[in-house]
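# Coordinate inspection notes
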Amino acid sequence: MIKSLKLKNFRNFETKDFIFDEEKNFIIWDNWVWKTNILESICLIYQKNLINKDISNLVNKNENYAFIEIENDNQKFSISYDKNTNTKNLLINWKKTTKKKFEEMLEKIIIFKPMDMNMMYLSPSYRRDFIDDILSNSFPSYERINKNYKNIIRNRNKLLKSIKDGKATKNDIKFWDGELIKNACLIYEYRNKLNNFFIDNINIIKELLTLKNDSIIYKYVTKVDLNSIELSISNYLTKNIDRDIIIWNTHIGPHIDDFEIQIDSFPLVNYASRWETKSVIIWLKILESRFIEKHTNKKTIFIIDDLFSEIDKNHEILLLNEIKDKQTFITSISSQNDHRFWDNIINL
Ligand SMILES: Nc1ncnc2c1ncn2[C@@H]1O[C@H](COP(=O)(O)OP(=O)(O)OP(=O)(O)O)[C@@H](O)[C@H]1O
Ligand SMILES: [Mg+2]
């Protein structure tokens, strides 16, 4: 668990220390205070992004360097960042270390943020990122395998363009087809584990939400025959080589797959209310934490930014109940909810 957080020159903080509770930590204040900033500093230690991609924005605008430190059960994890030299140092107990060591030694975090509520409505890349993120957090080698696969696709597409421009021949593509198939098989090995987990557990959403509907199904959407991966990709690539050359793009494989949730055989987005869709996303995140815990033996910590503005009281209680044994950080706007049943409110 995260015992404490120390911030120096991080965004609008000059110096600030927080002590946390082992269960629920409610960060409640008005708009534009620094609620999300606190969560973002925690996410940064856990090498995750809450909102910001450019780390230099995280340094207080009047300062040149920032320092963030959390203490968990036995160690101190810190990041120092110098805006002038653009150098970032990771430290464990004030000794320089690597991103890999951070990841190995820290717990896992599950992030809920308002933007996640669009996951089902936006492009498949959001849903693929959701899947890839869970797998990277569950299996140490997945991130590398996925990066490698994306590189292969980039190289294959580059070669397709060269063939189109007359600088290479169709024969040259065979090497990249072989690499694509080999690496796609590795990715599907992991994606199948997650798919089977979702298929087996998706019914919990129905039970927990007491949905009136008959069935809820998780469906992985792919052009690949998952019972015959090599053959189906190979046949597709051979059949579509001329089209691929014209648009120098590869149209089969894990990089274009998607998933769909169906309620009573209808795709969720066409059928469910906005509220039902949000609920499904919340429960997918809970399944995410269960999957990660199962495969890593690590605890998950929940980071919930402003989510309660999106959900009603009953579901708020359901959600809090479901994650009652986890350390949780929750931001909320002070006027929004009746907080009588919340304890451990962090006083800003
Ligand atoms: N680099 C920076 N230097 C100084 N202040 C900053 C910096 N970056 C952001 N801020 C300030 O941080 C504040 C925003 O904090 P944050 O996003 O945590 O607010 P919030 O409490 O989550 O608000 P809301 O309820 O609207 O989500 C803003 O007032 C902004 O001016
Ligand atoms: Mg906020």
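Every value quoted in this text rests on a predicted model; they were computed, and no experiment measured them.

## A short note on helix H7 (residues 229–239)
Of the residues making up H7, those classed as buried are Ile-229, Ser-232, Ile-233, Tyr-236 and Leu-237. Buried positions in H7, seen along its axis, are confined to an arc of 125° and lie on one side of it. Opposite its buried face, H7 presents the exposed residues Glu-230, Leu-231, Thr-238 and Lys-239, each directed more than 90 degrees away. Next to the buried residues of H7 lie helix H4 (142–164), helix H5 (173–201) and helix H8 (241–247).

## Things to note about the layout of surface pockets
Considering only enclosed or pocket space, the largest pocket measures out at about 1,700 Å³ in volume. Listing elements by their share of the lining of the largest pocket, those giving two or more residues are helix H1 (35–45), helix H2 (99–105), strand E8 (108–112), helix H3 (124–138), H4 and helix H10 (274–296). Among the elements that take part in the lining of the largest pocket, H3 stands out by supplying nine residues, more than any other. Counted by class, the lining of the largest pocket contains 16 nonpolar, eight polar and 21 charged residues. Here the lining of the largest pocket spans two domains, and each of domain 1 (4–107 + 299–346) and domain 2 (124–271) adds at least three residues to it. The volume enclosed by the second largest pocket comes to roughly 230 Å³. What lines the second largest pocket is simply Met-1, Glu-22, Asp-73, Glu-107, Glu-293, Lys-299, Thr-300, Ile-301, Asp-325, Lys-326 and Gln-327. Looking at the lining of the second largest pocket residue by residue, the class counts come to two nonpolar, two polar and seven charged.

## As for the pairing of E8
Of all five residues in E8, five are buried, a share of seventy percent or more. Alternating residues of E8 divide into Lys-108, Ile-110 and Phe-112 and Ile-109 and Ile-111, and every residue in both groups is buried. Judged from the five bridges that link them, E8 and strand E12 (residues 300–305) form a sheet pairing that is parallel. What sits directly across from Ile-109, in E12, is Ile-301.

## Considering the sheet that holds strand E9 (residues 216–221)
Here three strands make up an open sheet; going across it, the order is E9-E10-E11 and the pairing antiparallel. Of all strands in the sheet, those bounded by a partner on one side alone are E9 and strand E11 (266–267). Strand direction decides the pairing type here: E9 and strand E10 (residues 258–263), joined by six bridges, are antiparallel. The residue of E10 that forms the bridge with Ile-217 is Gln-262.

## Things to note about the pairing of strand E13 (residues 328–333)
With six of six residues buried, E13 is to be regarded as a mostly interior element. What you see with E13 is no split at all: Thr-328, Ile-330 and Ser-332 on one side and Phe-329, Thr-331 and Ile-333 on the other are buried throughout. With six bridges connecting them, strand E3 (residues 24–29) and E13 associate as parallel partners. Its bridge partner lying in E13, Asn-25 is registered against Phe-329. Bridging between E12 and E13 involves four bridges; their strand directions are parallel. Bridging from a neighbouring strand, Ile-304 pairs with Ile-330 of E13.

Calculation notes
- Residues numbered from 1 in each chain as written.
- Chains lettered and ligands numbered in written order.
- Predicted model: local features only at pLDDT ≥ 70, side-chain atom pairs only at ≥ 80, totals over all residues.
- Heavy atoms only, no water.
- Buried < 20%, exposed > 50% of the residue type's maximum accessible area, 1.4 Å probe, protein only.
- Helix = DSSP H or I, 4+ residues; strand = E, 2+ residues; numbered from the N terminus.
- Arc of directions from axis to C-beta.
- Contact = heavy atoms within 4.5 Å.
- 1 Å grid on protein atoms, 1.4 Å probe; cavity = no way out; pocket = protein on both sides within 12 Å on 5 of 7 lines; lining within 4 Å.
- Points joined across faces, edges and corners; volume = space filled by probe spheres on them.
- Nonpolar A, V, L, I, M, F, W, Y, C, P; charged D, E, K, R; others polar.
- Domains from an automatic or database assignment.
- Pairing = 2+ DSSP bridges.

Fair warning: the whole summary comes from geometry, so function is off the table for now.
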